[in-house]
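Observations on chain architecture
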Amino acid sequence: MLPRSDLRIPAYARKYEELKGICIGGCVVKGYGKNYDGQQWYSRRIDEKEVAHAHCVSAGVWFGWICSPYKLILTNKWLLKHELAHLIAEDETHKIGHTKKWKETLLMIGGSLDAKSLTKKWEFQSYR
Ligand SMILES: [Zn+2]
Ligand SMILES: [Zn+2]
């Protein structure tokens, strides 16, 4: 688990206050508990089906964390910016996912909506 201040996180990502930290090797959330507002949360499984995810519900205790099984999250800017945009784009409507706002945010921070291959196994589809 790397807090935002950790120098292994690229400088372009550390400047965003929305980022709390990056968890490599699994999900930062272990187990389950209750939010400030009494909502139940559970650990999000992270496995072969997911290259990374962002905890992007601002009411959540784990808001601001990006989790990935792979160190790639630190070195691949397409992947990291994709997840960062989820954190930054979250708004009062709590609309999450690949929304219009997410797309605008991703472009604003220098990401790309084009298809990208991340590893042999993982690729992003085009989000255009
Ligand atoms: Zn997680
Ligand atoms: Zn996404």
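Residues numbered from 1 in each chain as written. Chains lettered and ligands numbered in written order. Predicted model: local features only at pLDDT ≥ 70, side-chain atom pairs only at ≥ 80, totals over all residues. Heavy atoms only, no water.

**Focus on the coordination of the zinc ion (ligand 1)**
Around the zinc ion (ligand 1), the donor atoms from the protein are Cys27 (SG), His53 (NE2), His55 (NE2) and Cys67 (SG), and they sit 2.0 to 2.3 Å away. Each of the four donor atoms around the zinc ion (ligand 1) contributes to a set of angles spanning 103 to 119°, which defines the coordination as tetrahedral. (Donors = N, O, S within 2.8 Å, 3.2 Å for Na, K, Ca; no water. Tetrahedral: all angles 85-135°; square planar, octahedral: opposite > 155°, others 65-115°.)

**Comments concerning the coordination of the zinc ion (ligand 2)**
Around the zinc ion (ligand 2), the protein contributes the donor atoms His82 (NE2), His86 (NE2) and His98 (NE2), which lie 2.1 Å from the metal centre. Along the chain, the residues donating to the zinc ion (ligand 2) fall in the pattern H-x3-H-x11-H. On the criterion of helical spacing, the pair formed by histidine 82 and histidine 86 is a turn pair, its members being four residues apart in helix α3 (residues 77-89). Of the two residues examined, histidine 82 and histidine 86, each falls in the buried class. (Helix = DSSP H or I, 4+ residues; strand = E, 2+ residues; numbered from the N terminus. Buried < 20%, exposed > 50% of the residue type's maximum accessible area, 1.4 Å probe, protein only.)

**Considerations on the confidence of the model for the chain**
Looking at the chain, pLDDT values average 84 and 79% of them are 70 or higher. At the level of individual helices and strands, the chain shows its lowest average pLDDT in strand β4 (residues 40-42), which scores 57, and its highest in helix α1 (residues 11-14), which scores 97. (pLDDT = per-residue confidence, 0-100.)

**Observations concerning the side chain of histidine 86**
When its relative accessible area of 11% is taken as the criterion, histidine 86 is described as buried. Looking at histidine 86, its side chain comes within polar contact range of the side chain of histidine 98, at 3.3 Å. The contacts of histidine 86, once residues within four sequence positions are left out, are Ala54, Cys56, Gly97, His98 and Trp102. (Polar contact = N/O pair within 3.5 Å; in protein donor to acceptor, adjacent residues only side chain to side chain. Contact = heavy atoms within 4.5 Å.)

**Observations concerning the pairing of strand β2 (residues 21-24)**
Relative to β2, strand β1 (residues 2-3) runs antiparallel, the two sharing two bridges. By the bridge assignment for β2, leucine 2 is matched with isoleucine 22. (Pairing = 2+ DSSP bridges.)

**Focus on the pattern of salt bridges**
Scanning all chains against the criterion turns up three salt bridges. A salt bridge links lysine 100 to glutamate 104; the shortest N-O distance between them is 3.1 Å. Of this pair, lysine 100 and glutamate 104 both sit in helix α4 (residues 100-108), four residues apart, which is roughly one turn of that helix. Exposure remark for lysine 100: the relative accessible area of 63% places this residue in the exposed category. Measuring nitrogen to oxygen at the nearest pair gives 2.7 Å for the salt bridge that ties aspartate 114 to arginine 128. (Salt bridge = Lys/Arg side-chain N within 4 Å of Asp/Glu carboxyl O.)

**Comments concerning the packing of α3 against α4**
Relative orientation of the contacting elements α3 and α4 amounts to 125°, with a least axis distance of 8 Å. Classified by the interaxial angle, the pair formed by α3 and α4 is oblique. Once α3 is placed against α4, the crossing between them reads as right-handed. Where α3 approaches α4, its residues Lys81, His82, Ala85, His86, Ile88 and Ala89 are matched on the opposing element by Lys101, Trp102, Thr105 and Leu106. In the contact of α3 with α4, the residues fall into five nonpolar, three polar and two charged. (Axes fitted to C-alpha atoms, helices over the stretch in contact; angles between N-to-C directions. Parallel < 35°, antiparallel > 145°, perpendicular 65-115°, else oblique. Left-handed = near helix turned anticlockwise from the far one by under 90°. Nonpolar A, V, L, I, M, F, W, Y, C, P; charged D, E, K, R; others polar.)

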